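# Chains, contacts and geometry: an overview
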Amino acid sequence: MKTHSNYYVFNDIEESLDELEMLAKTLNFDVVDRVTQTLEKFDPSFYIGKGKLEKVRQMIDDLKVENVIFDDELSPSQLRNIENKLNCKVLDRTQLILNIFAKNARSAEAKLQVELAQLEYLLPRLYGKGRQLSRLGGGIGTRGPGETKLEADKRKIKKKIRILRKKLETLSKQRELRRSRRLKNKIPTVAIVGYTNVGKSTLLKRLSKYENIVVEDKLFSTLSSLTKRVRLINEREILFTDTVGFIKKLPHTIIEAFKSTLEEIKYSNLILIVIDSSDRYYEHKLFVVEKVLEEIGSMHQQRILVFNKIEICPNEWLENLRNKHPDSIFISAKRGIGIKKLLEMVEKEIFEENIHDEVI
Ligand SMILES: Nc1nc2c(ncn2[C@@H]2O[C@H](COP(=O)(O)OP(=O)(O)OP(=O)(O)O)[C@@H](O)[C@H]2O)c(=O)[nH]1
Ligand SMILES: [Mg+2]
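Every value quoted in this text rests on a predicted model; they were computed, and no experiment measured them.

The next point concerns the environment of Y210. You can see Y210 is positioned in the loop between α8 (200-208) and β6 (226-231). Residues Y210 and K228, 18 residues apart in the sequence, show an inter-C-alpha distance of 8.2 Å. Discounting residues that sit within four places of it in the chain, Y210 has contacts with K205 and K228.

The next point concerns the nonpolar core. With 103 residues, the main nonpolar core has F101, L203, F240, L272 and V346 as its most contacted residues. If one sorts the elements of this core by residue count, helix α5 (residues 108-122) sits on top with eight residues.

This paragraph deals with the pattern of salt bridges. Evaluation of the coordinates by the stated rule reveals 30 salt bridges. The partner of R182 in a salt bridge is E264, with the nearest N and O atoms 3.6 Å apart. Residue R182 is located in helix α7 (residues 149-184), and its partner E264 is located in helix α10 (residues 259-266); the two are separated by 82 residues in the primary sequence. For E283, the salt bridge identified is with K324, shortest N-O distance 3.5 Å. One end of the pair, E283, is in helix α11 (residues 282-295); the other, K324, is in helix α12 (residues 315-324), with 41 residues separating them in the sequence. E283 gets classed as partly exposed once you look at its relative accessible area, which sits at 40%. One connected set of salt bridges, linked through shared partners, spans E109, R175, R179, R182, E263 and E264.

We now examine the sheet that holds strand β8 (residues 270-276). Strands belonging to one sheet form pairs held by backbone hydrogen bonds; the direction of such a pair is parallel or antiparallel. The strand order β6-β7-β5-β8-β9-β10 describes an open sheet built from six strands, whose pairing is mixed. A single partner strand is all that each edge strand has here, and the edge strands are β6 and β10 (329-330). Alignment of β8 against strand β9 (residues 303-308), held across six bridges, turns out to be parallel. Counted as the bridge partner of L272 is I304 from β9. Contacts from α11 reach β5 (189-194), β8 and β9, with the element oriented near 150 degrees to β8.

The rules behind the values
Residues numbered from 1 in each chain as written. Chains lettered and ligands numbered in written order. Predicted model: local features only at pLDDT ≥ 70, side-chain atom pairs only at ≥ 80, totals over all residues. Heavy atoms only, no water. Helix = DSSP H or I, 4+ residues; strand = E, 2+ residues; numbered from the N terminus. Contact = heavy atoms within 4.5 Å. Core = buried A, V, L, I, M, F, W, Y, C linked by side-chain atoms within 4.5 Å. Buried < 20%, exposed > 50% of the residue type's maximum accessible area, 1.4 Å probe, protein only. Salt bridge = Lys/Arg side-chain N within 4 Å of Asp/Glu carboxyl O. Pairing = 2+ DSSP bridges. Axes fitted to C-alpha atoms, helices over the stretch in contact; angles between N-to-C directions.

Below you can see the structure in the form of structure tokens.
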């Protein structure tokens, strides 16, 4: 479900809903219908107009729908109001993303990060209804004297959040240590960033010739960053770091929880922004990537746009891209096209920049 509002960055509503559908399918939902609405005046209590809501309620009955998914992050009160009106489970874009992250988290750190993000999302949305509480999967203990069940649950969650933050802090310190060791060794680092599923891990795999990197045609398959050393022909070494992919409206709780993972980007000498050249909406996605980079404080870092998947693009389209982005590089990570040129470009950017720094 989508309302048309002016802070909306994608021009095409269908594009955003296609993406939402992909997110939903990743979680094995069967999508039966879409509803959109152009609102003159935004209704903050229900997100969509009351008449539309009634229509959706009717559709739920007619189509025997079990879940309604909104293409935005709903506020706690919106979620509650809509759920009461529709009498069915209501999800939002943020919940879908959080659930996919939870499903794909493999490393201990990623698991802690996702749990933290989920609890941060849940905390303001607890209001003592059985269904809401069951989202926690049980485990809420007894209440203290004079406490309502809701208060006791909130207290438990806050405590859990504190514990998770502490654990993550310890892991983040270990990460810092590794980073400072790298810095001492003076090995430059290049961060591979981009929208989800554009081929970042495939590129790291290609560059490092390391076979154990997971590459999948699936959203958010990489959640932990992975750094690999690449030796250039002249024996110089560069570290490449692959990290979590971005998406439109990446939940803020995710950015917060994955802060230390995303910091790998901030402390790199160069950023490679990988783009899926075959995506006709690549510019919207690039805009989203720029926004996230801005949010994590990486907007002024040196960067190269890397147009990937060129082997599946028509020549005319590629020509158009090359004209539009003359300073970029065009590759196929899967087929190994343009990799040598990319490495030359990276080397030039990094080592020439260093010489420049030394002169200053
Ligand atoms: N045709 C083509 N497909 C590619 C290329 N590079 C990657 N892919 C495919 O794109 C899909 C996603 O690749 P990944 O490397 O997992 O992408 P990612 O950016 O790491 O994705 P997340 O970690 O999920 O954000 C896989 O099916 C890859 O095989 C390429 O150069 N050409
Ligand atoms: Mg990946």
